[in-house]
Amino acid sequence: KFLTRAFRRFCVRFFKMRRLLPGLLVVAQTPVSTAGIPDGFAPSLRCPFAKVWLEHGAEEAARMLGVDEPHRRLEDVVWGTCNYNNPYAGGAMCVEMRGAAWTDDSADAKCKSVMPGSPGTAAKGQRCATSVSSAGWCSTESGTMFTLSAKSPTCEAAAKSCVQYSAGTFINIGDCAPATGSPSGDAGGAGAGGAGAGAAPMRCLLAPGPMGAAHQLTQSLGYDVDCEGAPASKSPYMWPLRWTSEVEQQGLSFASDEVQYESRGRVWYMLDKNYKRLDLWSQSGVQRAVGQAPCEGERISDKSGAFACNRTADVRRTVLHRGSKMVFIERSADDNITNCTWLDLGPIGNIRPDWFMDNRGASTSVQYMGDSHVYYRGKPRLVKQWRKKDFANQYFTMSMARLPDSNGTHWPLILNIPGEGFGDDFLQHWHGHRLLQDSDEGDFLVDEQYEKAGGKCVFVGGSGGQSGPPTGQVDPVPSNLEVQAEAWREIEWTESPVWKPEVKPEVGPVGGAKKIVEGVYEQTCWDSKSSSVQVSLAIDMEKPVYLAVGFRDTEECLMTPRGGADGEVVVALPGASQSFEVMYGPLSPGLKTMGSATPANVAAFSKAIKPLSAVAAFAGGSAAELSNGKFSLAFKRAYQAKPEALHLTFATGLETAFGYHGNRGCFKVENLPECPPAVCVA
């Protein structure tokens, strides 16, 4: 009904274009990057959805996703302080202005206007003095302003005040900081982002956008078995919060059952603290991956064009991940640390233990598959399986032990990992599981112990560079785990004793609407009288953001064609009072990366796009409307003959301004039905 009304509306809105709005579509895809990751460590970073931050770099990914970075980096530059009087908050206040972007002039100007009627005094090189009454920092303005907050009267009250009245993120210090193994009084590292004891909202937080489909947010103090609102709350099949096991990985190239690459090691998790550790002991065979570190051994000539290395060697490497901090450690044959570096992952925390069971996060879907017998380490084993789809339209398969061990634990056994276009697929096995205790926490703090003994871990970066080939400009490494539309149906089931699946009425079959992904529906038909295709999309949308529909010549889900040609998009741009202007124009490859979206490229795109009514092929009209949490876009495109199939892409923004898409997907329409008479009325 919703889509049918949209068609009726667009039929009576032919040629009604109010004004050309500023703004444009930039579907940002920056080049593959392993900047900051030491040579040889990239093969071990096989966590679900790792491609997002390996491709963009953590800091760039955060910026593109519109995520503030409220956590304090351990290497942050503090310009100085701003002291002012706030009569509403109890008097004297101290703010630290952090980050390299501050200048003397900008800091002074900001401090003078920090509060209407109460200008502050800026002091370069100074820090706010903490005390036993300090509760923590309230981070605002994209993590550049940190206000020191006192207990008012409790840690929880201070945190709530920051979130509710300043729209900030609270970072606990001193007595209010949780016991995490990191020094109190510093907001970085393991304890970043806490709201203190009893402040449940600061736990169980998901990373932004597609990364939230698998990862916690950096600022999350950890995950719980009973996170409020989580579909898998108290499910016996989520991963244990604290465990360790040996782990083996085998890489399998496209259309082959031959193992190309193997690695062995041990993994530790304390997900209730947002901790992970991975030790790599050995690797052998040929690793194929776009953007990987230089070959330590022989480079292999690969006919597919992928970068292939012979990685056969005994290694002693450790990767630590606590909050936003990822540490890379190399050891000698006698187990002494020979090198220690670290980088800042911005908003990307550790994996969440229920990542494979729900459809939370952007551009994802889940399919519960039930029980099956599989061969596990050479013996039959009964498992319970889920498939989880990623933004690259590929899927993971998670096999959990169906039968619990003597302690009642259902262990993770097998994970099938897609290459996501960056490398070969992997099959991962865990074995030798055991639960961890509080006494095992030191295993996650090796770098701190090393530095206390006089060693040094060097900061190597917090953002992605331009060290790899751009997505779409080189052939992706093909995957055996591409989603087949005929074989996919979303089934969200977790065996949670708490959560009950929401019963959602289907938009179809009225008008023939079809679901693309959760919350996105399309209806396409052929109007023989006007020799045109009528396209309509209905999308769940709470606030106005842009919506784009791209036309592709092939089934390959790329923003622009291979070879450097322009793509073409219809884009609805938000204006005032929830109005939208529907435009058409070319999408150049230069707008796929944030780095190349220069003012000149932006101006060229803005100049090139035209109102849909001014383009002959789209003269059939259009309509765009946001109402009651649903956004509808409908338009007609003329063709000389009825097309056999159309390959389309949709993308929605995170905000009204141009930037990285919050959701994106590709779909195919074929066997177009004749548009019913009710679709368009005079």
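Reference entry: report on the structure contained in this document. Counting restarts for each chain, with residues numbered from 1 along the sequence as it is written. This being a predicted model, a pLDDT of at least 70 is required before a residue's local features are given, and a value of 80 or more before pairs of side-chain atoms are given or counted; all residues contribute to the totals for chains, interfaces and linings. Note that water and hydrogens are dropped before the side-chain values are worked out from all heavy atoms of the structure.

## Here's the deal with the pairing of strand β4 (residues 134-140)
So, step 1. Only protein chains enter the area calculation, which uses a 1.4 Å probe; residues under 20% of their type maximum are buried, those over 50% are exposed, and those in between are partly exposed. Under the scheme used here, helices are H or I runs from DSSP no shorter than 4 residues and strands are E runs no shorter than 2 residues, and both carry numbers assigned from the N terminus. Of all seven residues that make up β4, seven are buried, and the element is covered over most of its length.
So, step 2. Should DSSP find at least two bridges between two strands, the strands are regarded as paired. With four bridges connecting them, β4 and strand β6 (residues 169-172) associate as antiparallel partners. Residue pairing in the sheet places Gly136 in a bridge with Asn172 of β6.

## Thoughts on the packing of aromatic side chains
Between two aromatic rings, the relevant description is the distance of the centres plus the angle of the planes.
So, step 1. For Phe, Tyr and Trp, rings pair up if their centres lie within 6.5 Å, where Trp contributes its six-membered ring, and each pair is then called stacked (planes under 30 degrees apart), edge-to-face (over 60) or tilted (otherwise). On inspection of all chains with the given rule, the structure shows 22 aromatic pairs.
So, step 2. Ring plane angle 40° and centroid distance 5.6 Å describe the contact between Tyr275 and Phe444, whose orientation is recorded as tilted. Of this pair, Tyr275 sits in strand β10 (residues 275-288) while Phe444 sits in the loop between β21 (425-435) and α6 (446-452), placing them 169 residues apart in sequence.
So, step 3. Residue Tyr275 is classed as buried on the basis of its relative accessible area of 0%.
So, step 4. Geometrically, the ring pair formed by Phe580 and Phe631 is tilted, given 4.4 Å between the ring centres and 40° between the ring planes. Placement of Phe580 in strand β28 (residues 580-587) and of Phe631 in strand β31 (residues 630-638) is noted, with a sequence separation of 51 residues between them. Residue Phe580 shares its accessibility class with Phe631, and that shared class is buried.
So, step 5. Taken together through their ring pairs, the aromatic side chains of Tyr237, Trp239, Trp243, Tyr269, Trp355, Phe356, Tyr368, Trp386, Phe396, Trp411, Trp430 and Trp493 make up a single cluster.
So, step 6. Lying across the ring of Tyr395, Arg387 places its NZ or CZ 4.4 Å from the centre.
So, step 7. A cation sits over an aromatic face here: Arg637 above Phe551, 4.6 Å from the ring centre. Lysine and arginine charges are scored as sitting over a ring when NZ or CZ, respectively, is within 6 Å of the ring centre and within 35 degrees of the ring normal.

## A few points about the environment of Ile171
So, step 1. Note on placement: Ile171 falls in strand β6.
So, step 2. C-alpha of Ile171 to C-alpha of Leu148: the two residues are 23 residues apart in sequence and 9.7 Å apart in space.

## Concerning the state of the cysteines
So, step 1. By disulfide we mean two sulfur atoms from cysteines, separated by a distance within 2.5 Å. Across all of its chains, the model carries seven disulfides by this definition.
So, step 2. Two residues share a disulfide in this structure: Cys82 and Cys111, whose sulfurs sit 2.1 Å from each other. Between Cys82 and Cys111 the disulfide shows an S-S torsion of about 85°. By sign, it is right-handed. Of this pair, Cys82 sits in strand β1 (residues 78-86) while Cys111 sits in helix α4 (residues 104-112), and the two are 29 residues apart along the sequence.
So, step 3. By relative accessible area, which is 0% here, Cys82 ends up buried.
So, step 4. Judged by relative accessible area, Cys111 falls into the buried class, the value being 1%.
So, step 5. Covalent S-S linkage joins Cys155 and Cys176, the inter-sulfur distance amounting to 1.9 Å. Note on the Cys155 and Cys176 pair: the S-S dihedral is about -75°, so by sign convention the disulfide is left-handed. Here Cys176 lies in the loop between β6 and β7 (215-217) and Cys155 lies in helix α5 (residues 155-166), a separation of 21 residues in the sequence. Each member of the pair, Cys155 as well as Cys176, is classed as buried.

## Some remarks on the sheet that holds strand β2 (residues 91-98)
So, step 1. Judged by pairing direction, the sheet is antiparallel, and its six strands sit side by side in the order β3-β1-β2-β5-β4-β6 without closing on themselves. Only two strands of the sheet have a single neighbouring strand rather than two, namely β3 (121-124) and β6. With strand direction ignored, the average angle separating the axes of adjacent strands in the sheet is 25°.
So, step 2. For β1 and β3, the ladder comprises four bridges, and the chain directions are antiparallel. Within β3, the position partnered with Cys82 by the bridge is Ala122.
So, step 3. Note on contacts: a residue pair is in contact if any heavy atoms of the two residues lie within 4.5 Å. Axis definition: a line fitted to C-alpha atoms, limited for helices to the stretch in contact. Angles are taken between N-to-C directions and run from 0 to 180 degrees. Strands in contact with α4 are β1, β2, β3 and β5 (145-150); relative to β3, the strand with the most contacts, it is inclined by about 150°.

## Quick word on the environment of Ser233
So, step 1. Counting through the fold element by element, Ser233 comes out in the loop between β7 and β8 (242-252).
So, step 2. Of the residues examined, Ser233 reaches a relative accessible area of 6% and is grouped as buried.
So, step 3. Discounting chain neighbours no more than four positions away, the residues touching Ser233 are Val225, Asp226, Cys227, Ser496, Pro497 and Val498.

## Quick look at the pattern of salt bridges
So, step 1. For this document, the term salt bridge refers to a Lys or Arg side-chain nitrogen within 4 Å of an Asp or Glu carboxyl oxygen. A complete count under the given rule lists 29 salt bridges for this structure.
So, step 2. In this structure, Arg277 and Asp279 form a salt bridge, with 2.9 Å as the shortest nitrogen-oxygen distance.
So, step 3. You can call Arg277 buried: its relative accessible area is 8%.
So, step 4. For Asp279, a relative accessible area of 11% puts it in the buried group.

## Brief notes about the pairing of β10
So, step 1. Here β10 lies mainly inside the structure; ten of its 14 residues are buried.
So, step 2. Here strand β9 (residues 259-270) runs beside β10; their pairing, made up of ten bridges, is antiparallel. Within the sheet, the bridge partner assigned to Arg264 lies in β10 and is Ser282.
So, step 3. Counting the residues between successive antiparallel strands, the hairpin from β9 to β10 contains four residues, one of them, Asn274, with a positive phi of roughly 65°.
So, step 4. Across eight bridges, β10 lies against strand β13 (residues 313-322) in antiparallel orientation. Across the sheet, Arg277 pairs through a bridge with Leu320, a residue of β13.
So, step 5. Relative to strand β12 (residues 308-310), β10 runs antiparallel, the two sharing three bridges. Each bridged residue has a counterpart across the sheet, and for Gln287 the counterpart in β12 is Cys309.

## Some remarks on the sheet that holds strand β25 (residues 532-540)
So, step 1. With antiparallel pairing, five strands are arranged side by side in an open sheet as β23-β24-β25-β31-β30. Bordering the open sheet on either side are β23 (514-517) and β30 (622-627), each of which pairs with just one other strand. Mean inter-strand twist for the sheet, computed between neighbouring axes without regard to direction, equals 20°.
So, step 2. Note that strand β24 (residues 520-527) and β25 share eight bridges and pair antiparallel. Within β25, the residue paired with Trp526 across the bridge is Val533.

## Considering the side chain of Thr218
So, step 1. One can find Thr218 in the loop between β7 and β8.
So, step 2. Exposure remark for Thr218: the relative accessible area of 1% places this residue in the buried category.
So, step 3. Identification of polar contacts relies on pairs of N or O atoms within 3.5 Å, with a donor-acceptor requirement for protein atoms, meaning one able to donate a hydrogen and the other able to accept it, and with residues adjacent in sequence counted only if both atoms are side-chain atoms. Within the local environment of Thr218, its side chain forms a polar contact with the backbone nitrogen of Ile348, the two atoms lying 3.2 Å apart.

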